Amino acid sequence: MKTSIKNICCIGAGYVGGPTMAVIADQCPEITINIVDVNEQRIKDWNDKDYSKLPVFEPGLENIIKRCRDRNLHFSTNVKTHISEADMVFISVNTPTKLNGVGAGEASDLKWVEACAREVAAYASGYTIVVEKSTLPVKTAEVIKTILNTSNHPSNSERGRCSFDILSNPEFLAEGTAISDLKYPERVLIGGENQQAIQALIDIYKRWVPTEKIISTNTWSSELSKLVANAFLAQRISSINSISALCEVTGADIKEVSSAIGFDSRIGKKFLNSGPGFGGSCFKKDILNLVYLSKQLGLQSVANYWEGVLEINKWQQHRISKIIIEKLFGTISSKKISILGFSFKANTNDTRESASISICKDLLNEGALLCIHDPKVNFSQVEKDLEDFPTSQDKIYASEEKKLNQGKWKFTKNMEEVFEGSDAVVVLTEWSQYSEIKWENVVSKMRAPAWVFDTRSILNSDSVINSGINYWRLGDGSNI
Ligand code: NAD
Ligand code: UGA
């Protein structure tokens, strides 16, 4: 029997749920999609008439929201109603690393996923396909299945018999390119046991994705592949970053080395840009997940191998902080250091695990006065990230807590302020506007001897050097 999906509910209106459902709604106008979230402000922002308030900034997203919102795409806090109406429920909630208890610091905290499973068990009616969109540890589908099949919610009898199938459909979009990644994915991965349920999801994607790009596997391969894909991508960045340090002491240039090795089609050109270390909400947490899984299964050497990827990432961030301090005569106390870029990469307002956070904290620790600029991140986000509240519990009391770094940093959207009296400018995010700075026009505003540190290799080095500013670029060994 063919299952045709007419109504979808997506739990979680975040960076994945919002854009993913927007693209499905755009491609399948006959399917009604309700995105639900417990965060009332987030839902309010998704429904705001002022599109600049959408909670996720992604090129191309605003136009899709304009086309689909209130047509077949709806944002709501009414979890119960929309689950009960749905033929298919996507779970797209956060799965951060656990902060406390067993597996703290490594395992994923699945409390939000479990809450979703319980909500689906409580409110679903008839046959419902539950799709794991969140990135999850291997075997999570088993947990969801157990909750769904053993739940004896009081309303069960009123709703008649409920039945469920569970699919794993991990998301591979990258922030900043989410809409094009969703419209033209390199692959769509669907893991599951029941062919009819798998086909129902294939039928949705095949509206715009060529069928040869839709892969189906067993559930565990699908769940594991997502973790492995992120681990491999992060591993490439740690590999090239480790070589950037080697370049700086040998006279080699990381840009030339990346380009030379990338010509080998077995290595490939992508993901070989050295930088201040990978950020984003997922690489670190997904590798930690893999590390935890390996340890649990007695595979300590496998765990050590992947832990190394994270160690290099942390080391690269501290290495950059140390270089800045060394170049500024070994002390940055009360010196103005301007930070260009706070998001974890360009074209997103997301700062989760951004290298800027760790490097700014290092510099603040050494007494620097920071002036931080980012075109998309806002002040309150920077404040949350820089003011130290050690545990999530403490974050609840953030407003009562002493702000450790208050007065030592400021945030500006005005580029003029960045250069005024600065001892150094540090480029940490590759926003294109930073590569257009006319250094000859700003040198007189900076305090001599001024420095520019380019950790993303995006500046025109001649323009910086010719203006008389000292210039350091990551992985450039030409000055030894
Ligand atoms: P997010 O934090 O931006 O959004 C998650 C949302 O879920 C939040 O708004 C939260 O309020 C909501 N939520 C949590 N529990 C809920 C519940 N019980 N009922 C209703 N709403 C609930 O997270 P995200 O970045 O969208 O990531 C979601 C998942 O997708 C994670 O597992 C992540 O690893 C994975 N992923 C993320 C990306 C990315 O680029 N951000 C890419 C691929 C996969
Ligand atoms: C990454 C993956 O690319 C997505 O496929 C995946 O779906 C997603 O994680 C996820 O699971 O969350 P994302 O974190 O949005 O996407 O961004 P990336 O483009 O992968 O960049 C991650 C970090 O690596 C950024 O800090 C970026 O600056 C850095 N990076 C990337 C480099 O330092 N060098 C590179 O060559 C590429």
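Residues numbered from 1 in each chain as written. Chains lettered and ligands numbered in written order. Predicted model: local features only at pLDDT ≥ 70, side-chain atom pairs only at ≥ 80, totals over all residues.

## Quick word on the overall build of the protein chain
What the protein chain contains, in helices and strands, is 19 helices and 14 strands. Relative to the globule expectation of 23 Å for 480 residues, the C-alpha radius of gyration of the protein chain, 24 Å, shows essentially globular dimensions. Considering only C-alpha atoms, the protein chain reaches an extent of 75 × 45 × 45 Å along its principal axes. Each of the 480 residues in the protein chain was classed as buried or not, and the buried ones make up 46%. (Helix = DSSP H or I, 4+ residues; strand = E, 2+ residues; numbered from the N terminus. Rg over C-alpha atoms; globule rule 2.2 N^0.38 Å. Buried ≥ 20, exposed ≤ 12 C-beta atoms within 10 Å, placed from the backbone.)

## A look at the site of ligand 2
Residues in close proximity to ligand 2 total 21 residues, the closest being Ala-174, Asn-273, Phe-278, Gly-280 and Cys-282. Counting residues per element, the shell around ligand 2 draws most heavily on helix H10 (residues 219-250), at 3 residues. Among the residues forming the shell around ligand 2, the class breakdown is 11 nonpolar, 7 polar and 3 charged. Both domain 1 (7-217) and domain 2 (231-473) contribute no fewer than three residues apiece to the shell around ligand 2. (Near = placed C-beta within 6 Å. Nonpolar A, V, L, I, M, F, W, Y, C, P; charged D, E, K, R; others polar. Domains from an automatic or database assignment.)

## Focus: the sheet that holds strand E12 (residues 424-427)
The strand order across the open sheet built from 6 strands is E11-E10-E9-E12-E13-E14, with neighbouring strands paired in parallel fashion. Edge positions in the sheet fall to strand E11 (409-412) and strand E14 (470-473), since each has one partner strand and no second. Neighbour-to-neighbour, the strand axes of the sheet open up by a mean angle of 15°, direction not taken into account. Sheet topology places strand E13 (residues 451-454) next to E14; 4 bridges connect them, and they run parallel. Among the inter-strand pairings, Val-452 is bridged to a residue of E14, identified as Tyr-471. (Pairing = 2+ DSSP bridges. Axes fitted to C-alpha atoms, helices over the stretch in contact; angles between N-to-C directions.)

## Focus on the domain arrangement of the protein chain
The domain boundaries assigned to the protein chain delineate domain 1 (7-217) and domain 2 (231-473). The centre of domain 1, based on its C-alpha atoms, is set 32 Å off from the matching centre of domain 2. Counting residues at the interface gives 15 residues for domain 1, matched by 18 residues for domain 2. The residue inventory of the side of domain 1 that touches domain 2, partitioned by class, reads 8 nonpolar, 5 polar and 2 charged. (Contact = placed C-beta atoms within 7 Å.)

## Considering the pairing of strand E1 (residues 7-11)
Where burial is concerned, most of E1 is hidden: 4 out of the 5 residues are buried. Pairing of E1 with strand E2 (residues 32-36) involves 5 bridges; the strand directions are parallel. Bridge pairing in E2 links Asn-7 to Thr-32. Where the polypeptide runs from E1 across helix H1 (residues 17-27) and back to E2, its parallel neighbour, the crossover connection is right-handed. Here E1 pairs with strand E4 (residues 88-91) via 4 bridges, running parallel. (Right-handed = clockwise from strand over helix to strand, strands pointing away.)

## Topic: the site of ligand 1
Lining the immediate environment of ligand 1, one finds 27 residues, of which Gly-12, Gly-14, Val-16, Ser-134 and Thr-135 sit closest. For the shell around ligand 1, the leading source of residues is helix H5 (residues 111-123), giving 3 residues. Broken down by class, the residue content of the shell around ligand 1 amounts to 13 nonpolar, 10 polar and 4 charged.

## Considerations on the pairing of strand E8 (residues 214-217)
Strand residues, when the strand is regular, have side chains that alternate between the two faces of the sheet. Where strand E7 (residues 188-191) and E8 come together, 4 bridges link them in parallel fashion. The residue bridging Val-188 from the neighbouring strand is Ile-214, located in E8. The β-α-β motif built from E7, the intervening helix H9 (residues 195-205) and the parallel element E8 has right-handed crossover chirality.

## Some points on helix H15 (residues 379-386)
Every buried residue of H15 is accounted for by Val-382, Asp-385 and Leu-386. End-on view of H15: buried residues confined to an arc of 90°, all on one side of the axis. Packed against the buried residues of H15 are helix H14 (355-365), strand E10 (369-373) and E11. (Arc of directions from axis to C-beta.)

## Quick notes on the nonpolar core
Taken as a class, soluble globular proteins show a tendency for nonpolar side chains to be buried jointly. Counting 59 residues, the largest nonpolar core has Ile-11, Ile-33, Val-89, Ile-91, Val-120, Val-130 and Val-131 as the members making the most contacts within it. Tallying contributions element by element places H5 first for this core, with 6 residues. With residues up to four places along the chain from it excluded, the contact list for Val-89 reads Cys-9, Ile-11, Ile-83, Val-120, Thr-128, Val-130 and Val-131. (Core = buried A, V, L, I, M, F, W, Y, C linked by C-beta atoms within 7 Å.)

## Let's talk about the environment of Asn-7
Position of Asn-7 relative to the elements: it lies in strand E1. Overall, the presence of 16 C-beta atoms within 10 Å leaves Asn-7 in the partly exposed class. Dropping the residues within four chain positions of it, Asn-7 is found in contact with Thr-32, Glu-85, Ala-86 and Asp-87.

## A few points about the packing of H10 against helix H12 (residues 283-296)
H12 packs onto H10 with a crossing angle of 115° between their chain directions and a minimal axis gap of 9 Å. Between H10 and H12 lies a crossing whose hand is left-handed. Along the contact surface, H10 presents Leu-227, Asn-230, Ala-231, Leu-233 and Ala-234, while H12 presents Phe-283, Asp-286, Ile-287, Asn-289 and Leu-290. Along the lines of polarity and charge, the residues of the contact of H10 with H12 split into 7 nonpolar, 2 polar and 1 charged. (Left-handed = near helix turned anticlockwise from the far one by under 90°.)

## Considerations on the confidence of the model for the protein chain
Residues at a pLDDT of 70 or more form 94% of the protein chain, whose mean pLDDT is 94. Taken as a whole, residues 390-401 scores under 50 in pLDDT and shows 7 contacts with residues more than four places along the chain or in a different chain. (pLDDT = per-residue confidence, 0-100.)

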